[in-house]
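# Structural overview
Given next are the chains, with one letter for each unit.
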There are 6 protein chains.
Amino acid sequence: MIAHSFRGEVFGPAERLHGATYVVDVAFRRPDLDDDGVVVDIGRATEQLRAVLADLRYRNLDDEPAFVGKNTTTEFLARVIFDRLVRAIHDGSLGNGARGVTSVCVTLNESHVAWGSYEGPV
Amino acid sequence: MIAHSFRGEVFGPAERLHGATYVVDVAFRRPDLDDDGVVVDIGRATEQLRAVLADLRYRNLDDEPAFVGKNTTTEFLARVIFDRLVRAIHDGSLGNGARGVTSVCVTLNESHVAWGSYEGPV
Amino acid sequence: MIAHSFRGEVFGPAERLHGATYVVDVAFRRPDLDDDGVVVDIGRATEQLRAVLADLRYRNLDDEPAFVGKNTTTEFLARVIFDRLVRAIHDGSLGNGARGVTSVCVTLNESHVAWGSYEGPV
Amino acid sequence: MIAHSFRGEVFGPAERLHGATYVVDVAFRRPDLDDDGVVVDIGRATEQLRAVLADLRYRNLDDEPAFVGKNTTTEFLARVIFDRLVRAIHDGSLGNGARGVTSVCVTLNESHVAWGSYEGPV
Amino acid sequence: MIAHSFRGEVFGPAERLHGATYVVDVAFRRPDLDDDGVVVDIGRATEQLRAVLADLRYRNLDDEPAFVGKNTTTEFLARVIFDRLVRAIHDGSLGNGARGVTSVCVTLNESHVAWGSYEGPV
Amino acid sequence: MIAHSFRGEVFGPAERLHGATYVVDVAFRRPDLDDDGVVVDIGRATEQLRAVLADLRYRNLDDEPAFVGKNTTTEFLARVIFDRLVRAIHDGSLGNGARGVTSVCVTLNESHVAWGSYEGPV
């Protein structure tokens, strides 16, 4: 649940300060399951996603130093979350099993009809 | 897609300026159908709902004179929209057929798990 | 999945022959559960609903003798299905346990945003 | 995510030990909002619901002393959760504001097509 | 909301004139965002999709000259809509930014359980 | 609707016997439609999927000889169902038209927020 505004005439009324609720889904892919028979430890994955989102929740993104000069669009934010989760996989925060994950897809659902995703290799 | 902040310790981090997307559903009830076999002309109902929402979309509700001193919670906004739609029924904006509507329920879906409603007689 | 057309200027382009998919939900209510601990035998309820819908599926409703001179709107069809299910409760087709059901609500979902219901006592 | 079995010929293959995932929704109603402009403190409500569900999650309900001789159907479990939440309202676990809640509805979604509810006064 | 009939014994009762509601989703993909930080101008994309669908809505597809001798199945219609949207990208109707879109996926949801898609390069 | 338990400390409380409802979606892909204009005969596909699921429904998977020594996780079960459907395509159970299907994706939805898939070539 964030507030933000956009710059660019393409955005029309969204140039005003407004807000959005994003429901965030993450999909992890790998060719074979780990020794426990899972793609990823869903408990740890949820915990890491919560940690990544904690830095964004209930904020006015226009005031965040990390996003100065950027339009914090849905698709831009999907990439931000993707990058932070991939870093968590690499540094072992999702456990050793998660090192077998080969790609991640982050989807931000704005509503039941609009969404944006970023998908890429780990 | 609105921005707002809340006052009251119960709100925790939601005291900061943040935002929300609301998907708005409206249900109209009546004991018998009108002469065309419908509860309400869905074209006109959609048009009136859009008109009501146009005054709220892409705004920072903290700056709206109508809401000074109020927490613009989901349930509060459901009531605001309910009141404006009932007024539209009374003044004939939904057509003569809609005068047979006896109750209205407005639901604001914040996400796929959280929502607030206001339901009352017309 | 039915075809039909409507009469009445309120319908605009829907006066042309067109079609609709309805996903039909039925809710049964009663004050107390039956001896097996259920509201209704869901197997039998599904079977009876399928039987009721079998008379409507894959048809052009403009050609159905039962609907001559009627606009087969979503809300009209909800009532038709309600009446037929209530009859099935009364004649024992849903089993003896189902005789304790006190109200039924039939909802026809036209899409993920539009629906019509009929609710009434058994 | 529970395991259980049912007794009664109406259940057919569900007489075998099987399982179910329930997604639990709770709706709270009241005539007027509290001083903060909310129906209930959603943080506390979620916390209490989690506490109630913690006693049921990842269990074989056939082994729970509280349910001996009972068919732990969806509608039965909805009532169990309702009773425990109403008790939490009465003992103040949802805060003083929640004492204004007049009715509660607990819904257990078994899948995207099947659900059971219990609704009653507080 | 269209009416149509199918030829071929595989279709069974769907050989009769019947109908369907399709909820149409479109996904646009590209390797990098445009200068405004978006994949596509969602306002223009919605407008173009509406224009494409306007030629299909509230019609009996059996009477459309473009579809003579064809079974207008869900998957066939997904391709028709895909082709028309790709044409709109090429002729600039979605704006200059949209020329960076590399693939499009059109999904026709028939109900909450059945859907068909066409995905291909632009 | 199955019961099962998992082995491995990563599973925490899911090491106890518990259960799950899976809603199973299958997507079939092919470069071109068959002579009837469809990807696959949806009637036959549904029938074959039902047949595959019939061997799993209302069971305690810990007792199934085929799964001895395995954690029957969502992602493991997606693969099991995938393998059985691909076999059905090869042996002609989905009809001759289905031999043109080039890939299949099986998704097991555990709830509206958690799911697992297996996708591969036929």
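Notes on the structure follow. (Residues numbered from 1 in each chain as written. Chains lettered and ligands numbered in written order. Predicted model: local features only at pLDDT ≥ 70, side-chain atom pairs only at ≥ 80, totals over all residues. Heavy atoms only, no water.)

Before going further, it helps to spend a moment on the packing of aromatic side chains. Residues and elements named next belong to chain E. The full count for this structure, using the stated rule, is 18 aromatic pairs over all chains. Their ring planes at 65° and their centres at 4.8 Å tell us that Phe-82 and Tyr-118 sit as a pair that is edge-to-face. Of this pair, Phe-82 sits in helix H2 (residues 74–90) while Tyr-118 sits in strand S5 (residues 115–121), and the two are 36 residues apart along the sequence. Overall, Phe-82 belongs to the buried group, its relative accessible area being 6%. The class for Tyr-118 is partly exposed, based on a relative accessible area of 21%. (Phe/Tyr/Trp six-rings, centres within 6.5 Å; stacked < 30°, edge-to-face > 60°. Helix = DSSP H or I, 4+ residues; strand = E, 2+ residues; numbered from the N terminus. Buried < 20%, exposed > 50% of the residue type's maximum accessible area, 1.4 Å probe, protein only.)

Residues and elements named next belong to chain A. In this model helix H1 (residues 42–54) runs 18 Å from its N-terminal to its C-terminal C-alpha over 13 residues, within 8% of the 18 Å that 1.5 Å per residue would give. Regarding H1, the residues found buried are Ala-45, Gln-48, Leu-49, Val-52 and Leu-53. One side of H1 holds all its buried residues, which, seen down the axis, span an arc of 135°. When the buried face of H1 is taken as reference, the exposed residues oriented beyond 90 degrees from it are Glu-47 and Arg-50. Contact partners of the buried residues in H1: strand S3 (23–29) and helix H2 (74–90). Measuring from the backbone nitrogen of Gly-43 back to the side-chain oxygen at the start of H1 gives 3.0 Å, which picks out Asp-41 as the cap. (Expected span 1.5 Å × (residues − 1). Arc of directions from axis to C-beta. Contact = heavy atoms within 4.5 Å. Polar contact = N/O pair within 3.5 Å; in protein donor to acceptor, adjacent residues only side chain to side chain.)

A word on the sheet that holds strand S5 (residues 115–121) of chain B. Residues and elements named next belong to chain B. One open sheet accounts for three strands, arranged S3-S4-S5; its pairing is antiparallel. The sheet is open, and its two borders are formed by strand S3 (23–29) and S5, each paired with just one other strand. When strand polarity is set aside, the average angle formed by the axes of neighbouring strands in this sheet is 10°. Here strand S4 (residues 103–109) pairs with S5 via seven bridges, running antiparallel. (Pairing = 2+ DSSP bridges. Axes fitted to C-alpha atoms, helices over the stretch in contact; angles between N-to-C directions.)

Distances and angles like these do not, on their own, reveal function.
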